Amino acid sequence: MVYVGSSAALTGCTGPLSTLDPAGPAAASIATLWWAMLAGAVVLFVLVMALYALVMLRPGWGARTSATRWIVLGGLCLPALVLTPLVAYALITGERLLPRHGVQPLRIEAEARQWIWTFRYPGNGGIKTEGVLHLPAGVPVDVVVTSLDVIHAFWIPRLAGKIDAVPGHANLLRIQADVPGRYQGLCNEFCGSGHSGMRFDVTVHPAAEFSAAIAKPDATGKVAQ
């Protein structure tokens with residue numbers, strides 16, 4: 001029963017929209033941070049439960065400790081032992097996810113509007129795709145995210161974190177897919193009645209075939225000049 005329950009729980013960690021099934025370095029960093037936070041929560045829970053059990057089993061021990069000491073040691077020092085390293089690790093991970101200006105990777109423009117995504121490829125003759133984002137495998141890509149109407153959010157869970165699409169403002173998100181394949185992206189900010197259907201496909205091509213792949217219509221006919 002334990003084995004079956006564990007297997008069923010782990011199936012929730014996979015899937016096209018799972019952040020715990022990363023397919024790129026940015027998503028892998030985010031997934032690792034999640035697991036670190038979970039481990040920290042488990043450690044803190046175990047420490048608190050051990051302290052609780054000690055007080056319940058040995059009431060005299062708890063009574064000899066002043067209220068001030070309980071607050072300082074149990075409410076401040078104990079959480080700090082776990083939370084301080086986690087906060088430091090989260091800050092370091094977040095800094096590593098930021099695009100660095102020293103590198104000039106491929107740029108793709110992602111434009112949101114109710115309720116579809118349009119992608120432009122300035123370095124490939126201004127080709128435009130709707131509902132399908134094409135990426136080269138193993139190559140960092142800067143996605144410039146904007147919106148024509150309301151606030152949306154650009155998110156490909158298996159490749160990177162999310163970033164808002166704000167009218168009149170461009171936000172930059174660096175992503176990279178490790179291997180060719182198909183992934184799914186979505187708007188993760190409620191944007192109106194059609195929000196639930198505001199998704200897009202992500203097709204990752206071998207780097208050498210990327211330019212040729214986006215220069216011709218795909219099977220769904222969503223590629224246009």
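Residues numbered from 1 in each chain as written. Predicted model: local features only at pLDDT ≥ 70, side-chain atom pairs only at ≥ 80, totals over all residues. Heavy atoms only, no water.

## Some words on the overall build of the chain
Scanning the chain from N- to C-terminus turns up five helices and 11 strands. Here the chain, with 225 residues, has 33% of them falling under the buried criterion. Carbon and sulfur atoms make up 66% of the accessible area of the chain, which totals about 12700 Å². (Helix = DSSP H or I, 4+ residues; strand = E, 2+ residues; numbered from the N terminus. Buried < 20%, exposed > 50% of the residue type's maximum accessible area, 1.4 Å probe, protein only. Areas by Shrake-Rupley, 256 points an atom, 1.4 Å probe, with all protein chains shown as cover.)

## Things to note about the pairing of strand β9 (residues 181–187)
Relative to β9, strand β6 (residues 152–155) runs antiparallel, the two sharing two bridges. Bridged to W155 within β9 is L186. As paired strands, β9 and strand β10 (residues 199–205) are joined by six bridges and run antiparallel to one another. From the neighbouring strand, G185 faces β10, where its bridge partner is F200. (Pairing = 2+ DSSP bridges.)

## Side note on the sheet that holds strand β7 (residues 163–165)
What the five strands build is an open sheet, ordered β4-β10-β9-β6-β7; its pairing is mixed. Here the strands that pair on one side only, and so sit at the sheet edges, are β4 (132–136) and β7. Strand after strand, the sheet turns through a mean of 30° between neighbouring axes, direction not considered. (Axes fitted to C-alpha atoms, helices over the stretch in contact; angles between N-to-C directions.)

## Some remarks on the nonpolar core
Ranked by size, the top nonpolar core spans 33 residues in total, and within it W117, F119, L133, L135, F154, I156 and V202 carry the most contacts. Ignoring sequence-local partners within four residues, the contact set of I156 consists of L133, I175, Y183, Q184, G185, F200 and V202. (Core = buried A, V, L, I, M, F, W, Y, C linked by side-chain atoms within 4.5 Å. Contact = heavy atoms within 4.5 Å.)

## Re the pattern of salt bridges
In this structure the tally under the stated criterion is four salt bridges. Residues E130 and R113 are paired through a salt bridge, measuring 3.6 Å at the closest nitrogen-oxygen approach. Note that E130 is positioned in strand β3 (residues 127–130) and R113 in strand β1 (residues 106–113), a separation of 17 residues in sequence. You can call E130 partly exposed: its relative accessible area is 28%. (Salt bridge = Lys/Arg side-chain N within 4 Å of Asp/Glu carboxyl O.)

## Overview of the confidence of the model for the chain
Of the residues in the chain, 87% reach a pLDDT of 70 or more, and the chain-wide mean stands at 83. Of all helices and strands in the chain, the one with the weakest mean pLDDT is helix α1 (residues 2–10) (44), whereas β6 scores best (95). (pLDDT = per-residue confidence, 0-100.)

## Examining a nonpolar patch on the surface
The grouping of W34, W35, L38, V42, F45, V46, V48, M49, Y52, M56 and L57 at the surface amounts to a nonpolar patch, some 1100 Å² of accessible area in total. The topology assignment puts V48 in helix α2 (residues 25–57). (Patch = residues over 30% accessible without salt bridge, like charges linked within 9 Å, V, L, I, M, F, W, Y side chains within 5 Å.)

## A closer look at the pairing of β3
Of the two faces of β3, only one is covered, namely that formed by I127 and T129; the face formed by K128 and E130 stays uncovered. Alignment of strand β2 (residues 116–121) against β3, held across four bridges, turns out to be antiparallel. Bridge pairing in β3 links Y121 to I127. If you look at the hairpin formed by β2 and β3, you'll find five residues sitting between the two strands, and G125 has a positive phi there, around 75°.

## Overview of the packing of aromatic side chains
Summed over the entire model, instances satisfying the criterion amount to seven aromatic pairs. Among the aromatic residues, ring-to-ring pairing joins W117, F119, F154 and F200 into one connected group. (Phe/Tyr/Trp six-rings, centres within 6.5 Å; stacked < 30°, edge-to-face > 60°.)

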